[in-house]
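Each chain, written out:
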Amino acid sequence: MDRHFLDLKDDKLSADSAPQAQLYVVLGNESLSTLAIQTTNEVLAVESWQYVGAGKPFAQIQQDVRSLLKDTATWGLPYGRIQGYLFHPNTTLVPRRLFQHGDLSGYFNLLLPPGDYVYAYEELPEFDAYLVLATEKAQANLYADLFPQTRQRHLAAPLLQYSRELAGTAEHTIFLNIRYQTAQLIVLERQNLLFYNTFPFATASDLLYFVLLAYDRFRINPAELPLTVAGNMLPDSELYRTLYRFVREIRFASPPAPFASLEGTEKLPAHCLVDLLCLKKN
């Protein structure tokens, strides 16, 4: 049920060394990723899969995901810390002044088809806002089983915090993160968040449309402002070539903190691991 995109493990990762390491898991609706890293920022293991059943209701693939985790090299060791994160497109940002704790489902009335969702939220004090998420019940239940001691968290939160640090004092920043065939797009004015959304895409032209739409919406010239990219895009890919035809400069993002790479990752550019390495700062 999966395509194994990454499978890198250091021999130093064992039951003896795991207590001095942390494990971060992204339980997505289209993919699963794990990162084992020591407190010294030495990466011990990275694994990532894209589900063949991506796009199906999570209830139809949850048992396969459970089996997949049991077969991973990183799962089941006695880590000093284990933290899970959800990933799916059903998120929205609500300004603090408009946020109502008791009406989370109301924020999705016009955004989601009818279904069985579990609602949660996370405060983003840097943006004076809340991230509200509607998770398919089967995905939320699996998260609760795997991480019983932790509240629901979504990958969007640490990625938004990372993009804010990335923006610094720049007048505008447009940041794109790609997880297989899902794009997260963030626009900031200095460190103020203007836009965040998640888009599925099937072709490079689809991705180009969403990126240029963000430039156009905020009247930013793609010939003047670089696009910062993280995730599953390489310089020789069709995605890169298509974007480069219309965006003057594409910059690959740097990890949020220095890290010691795992043997085998030297052929994997650091920007491909940015969203996973963001998790260590949270």
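Since we're looking at a predicted model, the values are computed, not measured.

(A) Representation of the sheet that holds strand β8 (residues 129-136). In space, the three strands of this open sheet follow the order β6-β8-β7, with antiparallel pairing throughout. Single-partner strands in this sheet number two, and they are β6 (91-95) and β7 (117-124). For this sheet, the mean inter-axis angle between neighbouring strands, taken without regard to orientation, is 25°. The strands that helix α2 (residues 137-146) touches are β7 and β8; relative to β8, the one it contacts most, it runs at about 100°. Contacts from helix α3 (residues 156-167) reach β6, β7 and β8 within the one sheet, and its direction differs from that of β7 by about 25°.

(B) Spotlight on unusual backbone geometry. Despite not being glycine, N41 shows a phi value in the positive range, around 70°. As for its placement among the helices and strands, N41 is situated in the loop between β3 (31-38) and β4 (43-51). At R190, a position not held by glycine, the phi torsion is positive, near 55°. Topologically, R190 is positioned in the loop between β10 (182-189) and β11 (192-200).

(C) Focus on the environment of N177. With respect to the helices, strands and loops of the structure, N177 is situated in strand β9 (residues 172-179). Taking the C-alpha atoms as reference points, N177 and H271, 94 residues apart in sequence, are found 9.4 Å from one another. Once residues lying within four places of it in the same chain are set aside, the contact partners of N177 are L159, T182, A183, Q184, A230, G231 and D275. Here D275 takes part through its side chain, which lies 3.4 Å from a polar atom of the side chain of N177.

(D) Quick look at the layout of surface pockets. Each pocket or cavity is described by its volume, and for the largest pocket that value is around 440 Å³. Along its surface, the largest pocket is lined by 22 residues, and N29, A54, G55, P89 and P200 are the ones closest to its centre. Among the residues forming the lining of the largest pocket, the class breakdown is twelve nonpolar, six polar and four charged.

(E) Geometry of the pairing of β7. Pairing between β7 and β8: eight bridges, direction antiparallel. Following the sheet pairing, E123 is matched in β8 by Y130. Counting the residues between successive antiparallel strands, the hairpin from β7 to β8 contains four residues, one of them, D128, with a positive phi of roughly 55°.

(F) Seen up close, the sheet that holds β10. One open sheet holds the five strands; their spatial order is β11-β10-β9-β12-β13, and the pairing between them is mixed. Of all strands in the sheet, those with a lone pairing partner are β11 and β13 (250-252), marking the two edges. Averaged over neighbouring strand pairs, the angle between their axes works out to 20° when direction is ignored. In this sheet, β11 lies alongside β10 in antiparallel orientation, the contact comprising eight bridges. Looking at β11, one finds that T182 is bridged to P200. Sheet strands in contact with α3 are β9, β10, β11 and β12 (227-231), and its direction is about 40° off that of β10. On the sheet, helix α4 (residues 204-217) packs against β9, β10, β11 and β12 and is oriented at approximately 15° with respect to β10.

(G) Main features of helix α1 (residues 62-70). Taken together, the buried positions of α1 are Q62, V65, L68 and L69. One side of α1 carries all its buried residues, which in axial view fall inside an arc of 115°. Exposed and facing more than 90 degrees away from the buried side of α1 are Q63 and K70.

(H) Layout of the side chain of Q139. Relative to the elements of secondary structure, Q139 occurs in helix α2. Apart from the residues within four sequence positions on either side, Q139 is in contact with L27, G28, N29, F58, L86, F87 and H88.

(I) Molecular detail of the environment of I61. Following the sequence through the fold, I61 ends up in the loop between β4 and α1. Accessibility expressed as a relative area gives 3% for I61, which makes it buried.

(J) Inspection of the packing of aromatic side chains at higher detail. Counted by the stated rule, this structure contains 15 aromatic pairs. Here the aromatic rings of F99 and Y107 are separated by 6.2 Å at their centres, their planes lie at 5°, and the arrangement is stacked. Judged by its relative accessible area of 7%, F99 falls in the buried class. Here Y107 falls in the partly exposed class, since its relative accessible area comes to 21%. One aromatic cluster is present, formed by F195, F199, Y209, F210 and F218 through successive ring pairs.

Reading the values: the criteria
- Residues numbered from 1 in each chain as written.
- Predicted model: local features only at pLDDT ≥ 70, side-chain atom pairs only at ≥ 80, totals over all residues.
- Heavy atoms only, no water.
- Pairing = 2+ DSSP bridges.
- Helix = DSSP H or I, 4+ residues; strand = E, 2+ residues; numbered from the N terminus.
- Axes fitted to C-alpha atoms, helices over the stretch in contact; angles between N-to-C directions.
- Contact = heavy atoms within 4.5 Å.
- Polar contact = N/O pair within 3.5 Å; in protein donor to acceptor, adjacent residues only side chain to side chain.
- 1 Å grid on protein atoms, 1.4 Å probe; cavity = no way out; pocket = protein on both sides within 12 Å on 5 of 7 lines; lining within 4 Å.
- Points joined across faces, edges and corners; volume = space filled by probe spheres on them.
- Nonpolar A, V, L, I, M, F, W, Y, C, P; charged D, E, K, R; others polar.
- Buried < 20%, exposed > 50% of the residue type's maximum accessible area, 1.4 Å probe, protein only.
- Arc of directions from axis to C-beta.
- Phe/Tyr/Trp six-rings, centres within 6.5 Å; stacked < 30°, edge-to-face > 60°.

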